[in-house]
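Observations on the three-dimensional arrangement
So the chains spell out like this:
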Amino acid sequence: MAQQTLVGREIVGGAAEGRVLYADTGLSFWGGCDPQTGVIVDHTHPLHNECVCGRVLAIPNGRGSCTGSQVVLELLLNGVAPAALLLRTPDVILSLGVIVAEELFGHSIPIVSLGDSFDRLEAHTHAAVAGSTVICGAG
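The paragraphs below set out a description of the structure included in this document.

Within this structure, the stated rule accounts for 3 salt bridges. Taking the shortest distance from any N to any O, the salt bridge between R88 and D119 comes out at 2.4 Å. With R88 in the loop between strand 5 (84-87) and helix 2 (92-105) and D119 in the loop between strand 6 (111-113) and strand 7 (126-130), this pair connects stretches of sequence that are 31 residues apart. Classification of R88 by relative accessible area gives partly exposed; the value is 27%. Assessed through its relative accessible area of 41%, D119 is described here as partly exposed.

Structure (structure tokens):
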């Protein structure tokens with residue numbers, strides 16, 4: 001598939017790139033992702049046993065507990081966070097974890113909400129994020 005440029009809403013600024021890890025199912029970070037390893041441990045999630053570390057994680061939204069912010073913060077502090085987070089809809093809980101990590105510890109990842117364009121990510125294996133722009137294609 002040809003390279004494609006998507007423009008969304010920048011939730012947390014920044015730039016990153018990596019292999020896309022896509023699911024059309026929201027992820028509960030609290031109990032669903034191991035903050036020590038970055039491995040998705042929720043056995044009901046389509047990305048079970050995948051590692052988010054260094055990947056451009058594309059999920060429609062977070063799910064569940066507001067403690068997901070803490071898990072995102074821990075992923076960043078432990079060096080096993082995704083390179084970027086691409087969402088269908090803005091998620092204040094996941095964003096809060098990144099914002100706290102950025103403000104208090106200087107660690108951050110970009111977060112972009114892509115709206116209806118989100119589904120286009122499924123066809124791509126690589127994505128580069130810069131602000132509100134996502135360039136995706138084959139890696």
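With 5 bridges connecting them, strand 3 (residues 15-22) and strand 7 associate as antiparallel partners. The partner of A15 across the bridge, within strand 7, is A130. Where strand 7 lies against strand 8 (residues 133-137), 5 bridges are found, and the strand directions are antiparallel. Paired with H126 across the bridge in strand 8 is G137. From the end of strand 7 to the start of strand 8, which pair antiparallel, there are 2 residues, and G131 there has a positive phi angle of about 65°.

What counts and how
Residues numbered from 1 in each chain as written. Predicted model: local features only at pLDDT ≥ 70, side-chain atom pairs only at ≥ 80, totals over all residues. Heavy atoms only, no water. Salt bridge = Lys/Arg side-chain N within 4 Å of Asp/Glu carboxyl O. Helix = DSSP H or I, 4+ residues; strand = E, 2+ residues; numbered from the N terminus. Buried < 20%, exposed > 50% of the residue type's maximum accessible area, 1.4 Å probe, protein only. Pairing = 2+ DSSP bridges.

Distances and angles like these do not, on their own, reveal function.
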